[in-house]
Protein chains: 2
Amino acid sequence: MSPDSAQGRGRNAGPVAILAGSGQLPIQLVHHLERTGQDCRVLAFRGFVSAELRRRADAKVDLLDLKSIMQRLEEWQPRAVALVGAVRRPGFSALLGAYSLLRNRQEVRDVIARGDDQVLRGAVMLLEERGYKVVGAHELAPGLVVPVSMTGAHAPSPEDQQAVAVGLDLLGSLSAFDIGQAAIVAREHVLAVEGPEGTDRMLGRVSAMRQSLFGFRKHKEGGVLIKAAKRGQDLRVDMPAIGPRTVREAARAGLSGIAVGAGSTLVLDQDKTLALADRLGLFLIAVELPWMDRTDGE
Amino acid sequence: MSPDSAQGRGRNAGPVAILAGSGQLPIQLVHHLERTGQDCRVLAFRGFVSAELRRRADAKVDLLDLKSIMQRLEEWQPRAVALVGAVRRPGFSALLGAYSLLRNRQEVRDVIARGDDQVLRGAVMLLEERGYKVVGAHELAPGLVVPVSMTGAHAPSPEDQQAVAVGLDLLGSLSAFDIGQAAIVAREHVLAVEGPEGTDRMLGRVSAMRQSLFGFRKHKEGGVLIKAAKRGQDLRVDMPAIGPRTVREAARAGLSGIAVGAGSTLVLDQDKTLALADRLGLFLIAVELPWMDRTDGE
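Now for a description of the structure that goes with this document. All figures in this text were calculated on a predicted structure; none of them were measured in a lab.

### Regarding the overall build of chain A
Then, in step 1: Counting its secondary structure elements, chain A contains twelve helices and twelve strands.
Then, in step 2: Counting over 298 residues, chain A shows a buried share of 57%.
Then, in step 3: In chain A, the share of contacts with a sequence separation of at least 24, taken over all contacts with a separation of at least 6, comes to 74%.
Then, in step 4: If you sum the accessible surface of chain A, you get close to 12300 Å²; carbon and sulfur atoms cover 48% of it.

Structure, rendered in structure tokens:
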């Protein structure tokens, strides 16, 4: 299929194609699109999507089966494509093999040697070159994006505010490395930096560290989860997201609250998430990121 | 006891006092001192030290029992004190309570709000104020310090060298945050940043991440453990160290090698560690840290 043929057939009238990974975001996005009367097709990545999404999926493919992915899109002629939900990064050689079907091998090698964002951006580039319009979840469902006004019933203490400042500073410093959408900080003490393992596992780590010391969990030992988009992050790929599960895990880790980047973080089930934070005694706030364009996510 | 009385009694003739935490470093240091005919006393922190060290200990105390610690030192009148081996950071309020016996509460609060190094430096400060000379393991046993010439049988590939450069860059950026003596990088892709959980657990995390994706462990998937002292780190506290165990865990995580900061990292059982790396096919190299004084660890 050539880019020309792809662009030829009525792209503005087609459905939205969701390339779906794990987590609750894909299904919530599908519900949102359905509620607002927008036609959508779901391409589910085998081994990643939730059971609910698997039932709803129009097609299932392997993450690295780029040929089948491109075939489905060719069939559907979507007006927009969104890459939503998490996928675990495949091994280097598997990625190299898959992308090499479509690209020069050395070029692929250069892209995938870098972090996860670069690999996802490589996927976006491939889609765009074939004439597809790639959008982010935040463009399809702006209601999921955290407004700066979001706040739960509890307020951060001065120590927590200090932790938020240290965390933002840390995440800003890490932006250059394509790692670290999140960190956990108690006062000025960094307890964890998120790697590719994801936020839930990082929270689990802090939970385990604290348990192995005391043998039991005190309700709140303090500390804040700070989660934010990186400097220069393409919000169409791997946009940071939290939901009720994040709040539960943060409580389990003994944290006192959560701060997320305003305008560039998604909150799934915002009402439920806030209610849960309120009930568990955690603060939940949105903070402006010094490195994001203030009008960016509005 | 006043600082004057402490300094009064023949400090230069006394034994070396080892305040010992976990890991192999304390016992190796004791062996080294004994081999070289230096008198030493071991104060073991309950719940941290190895069985071998517990048997050798002259006294056992709780980590936060500063009163007993000071009493022992007063008895022993050591010519030097070394804080050796890892201890897990106690909770904020436990630390606050313990230090407050000896210091102004707000001052303690400010120190322990920061990272682990600050807490350890606080301990060093307390000891120095009482007239004790605090030294690092590298001063007592210079033979344990990695020379820049150290290298195993295997050499890093160009991709590994790239990973080392990215890792050093990352650790340099993190220096300001009192976290991150180590990171794991594959090519340009940061797989993990070490938090207070320690190197072994970070390696275990990468091992688990890779296993959960493929369900089995390929022998080598690549990636390098980079471990180095922080910019401005006081080498008397929490000096980075590796040993045979580090090599084994790195192999288990599928890494291709280990790079440590020359002159500012300890290698336990250097012969055994190198032999193990050779046998498991891992490279092991020392690199000069751009932020360390080149004569510092010589």
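### Looking at the side chain of S256(B)
Then, in step 1: Summarising the element assignment, S256(B) is placed in the loop between α11 (244–252) and β10 (257–261).
Then, in step 2: Reaching out from S256(B), the side chain makes a polar contact with the side chain of D160(B) at a distance of 2.9 Å.

### Quick word on the environment of G204(A)
Residues and elements named next belong to chain A.
Then, in step 1: Relative to the helices and strands, G204 resides in helix α10 (residues 199–214).
Then, in step 2: The class for G204 is partly exposed, based on a relative accessible area of 29%.
Then, in step 3: For the pair G204 and A253, spaced 49 residues apart in sequence, the C-alpha to C-alpha distance is 6.7 Å.

### Quick notes on the nonpolar core
Then, in step 1: Within the largest apolar cluster, 102 residues are counted, with the highest numbers of intra-cluster contacts made by I18(A) and I18(B).
Then, in step 2: Non-local contacts of I18(A), meaning those with residues more than four positions away in its chain, are made with L29(A), V30(A), L33(A), R41(A), V42(A), L43(A), A82(A), V84(A) and L140(A).

### Description of the packing of α11(B) against helix α12 (residues 270–280) of chain B
Residues and elements named next belong to chain B.
Then, in step 1: Interhelical geometry of α11 versus α12 gives an angle of 15 degrees and a closest axis separation of 8 Å. The orientation of α11 relative to α12 falls into the category roughly parallel. Considering how the two elements wind past one another, α11 and α12 form a crossing that is right-handed. Residues P244, V247, R248 and A251 of α11 touch α12, and the partners they reach there are K272, T273, L276, A277 and L280.
Then, in step 2: Class assignment of the residues belonging to the contact of α11 with α12 gives a composition of six nonpolar, one polar and two charged.

### A closer look at the sheet that holds strand β2 (residues 40–45) of chain B
Residue and element names in this part refer to chain B.
Then, in step 1: Ordered by their spatial adjacency, five strands build an open sheet running β3-β2-β1-β4-β5, and the pairing between neighbours is parallel. Edge strands, defined here as strands with exactly one partner in the open sheet, are β3 (59–61) and β5 (134–135).
Then, in step 2: As judged from the five bridges shared by strand β1 (residues 16–20) and strand β4 (residues 80–84), these two strands associate in the parallel manner. Within the sheet, the bridge partner assigned to V16 lies in β4 and is A80.
Then, in step 3: Where helix α4 (residues 66–76) meets the sheet, its contacts fall on β1, β2, β3 and β4, and the angle it forms with β2 comes to roughly 175 degrees.

### Topic: the pattern of salt bridges
Residue and element names in this part refer to chain A.
Then, in step 1: Under the criterion given, the structure shown has 20 salt bridges over all chains.
Then, in step 2: D200 serves as the salt-bridge partner of R245, at 2.4 Å between the closest nitrogen and oxygen. Taken together, the residues span a long stretch of sequence, with R245 in helix α11 (residues 244–252) and D200 in helix α10 at a distance of 45 residues.
Then, in step 3: Owing to a relative accessible area of 26%, D200 belongs among the partly exposed residues under this scheme.

### Structural notes on the sheet that holds strand β1 (residues 16–20) of chain A
Residue and element names in this part refer to chain A.
Then, in step 1: Read from one edge of the open sheet, five strands run β3-β2-β1-β4-β5, paired in parallel fashion. Of all strands in the sheet, those with a lone pairing partner are β3 (59–61) and β5 (134–135), marking the two edges.
Then, in step 2: As judged from the two bridges shared by strand β4 (residues 80–84) and β5, these two strands associate in the parallel manner. From the neighbouring strand, A82 faces β5, where its bridge partner is V135.
Then, in step 3: Along the sheet, helix α2 (residues 25–35) contacts β1, β2 (40–45) and β4; its crossing angle with β1, the most-contacted strand, is approximately 165 degrees.

### Considerations on unusual backbone geometry
Then, in step 1: Unlike most non-glycine residues, Q77(A) shows phi in positive territory, near 45 degrees.
Then, in step 2: Of note, Q77(A) is situated in the loop between α4 (66–76) and β4.

### Considering α11(A)
Then, in step 1: All buried positions along α11(A) are accounted for by P244(A), T246(A), V247(A), E249(A), A250(A) and A251(A).
Then, in step 2: In the segment just after α11(A), G254(A) is the residue with positive phi, at about 80 degrees.

### Examining α12(B)
All names here are of chain B.
Then, in step 1: Every buried residue of α12 is listed here: T273, L274, L276 and A277. What you see down the axis of α12 is that its buried residues fit within an arc of 160 degrees, all on one side. Facing away from the buried side of α12 by over 90 degrees, the exposed positions are D271, K272 and R279.
Then, in step 2: Residues of α12 that are buried make contact with β9 (241–242), α11, β11 (266–267) and β12 (283–287).
Then, in step 3: The positive-phi residue at the C-terminal boundary of α12 is G281, with phi of around 80 degrees.

Thresholds, definitions, all that
Residues numbered from 1 in each chain as written. Chains lettered and ligands numbered in written order. Predicted model: local features only at pLDDT ≥ 70, side-chain atom pairs only at ≥ 80, totals over all residues. Heavy atoms only, no water. Helix = DSSP H or I, 4+ residues; strand = E, 2+ residues; numbered from the N terminus. Buried < 20%, exposed > 50% of the residue type's maximum accessible area, 1.4 Å probe, protein only. Contact = heavy atoms within 4.5 Å. Areas by Shrake-Rupley, 256 points an atom, 1.4 Å probe, with all protein chains shown as cover. Polar contact = N/O pair within 3.5 Å; in protein donor to acceptor, adjacent residues only side chain to side chain. Core = buried A, V, L, I, M, F, W, Y, C linked by side-chain atoms within 4.5 Å. Axes fitted to C-alpha atoms, helices over the stretch in contact; angles between N-to-C directions. Parallel < 35°, antiparallel > 145°, perpendicular 65-115°, else oblique. Left-handed = near helix turned anticlockwise from the far one by under 90°. Nonpolar A, V, L, I, M, F, W, Y, C, P; charged D, E, K, R; others polar. Pairing = 2+ DSSP bridges. Salt bridge = Lys/Arg side-chain N within 4 Å of Asp/Glu carboxyl O. Arc of directions from axis to C-beta.

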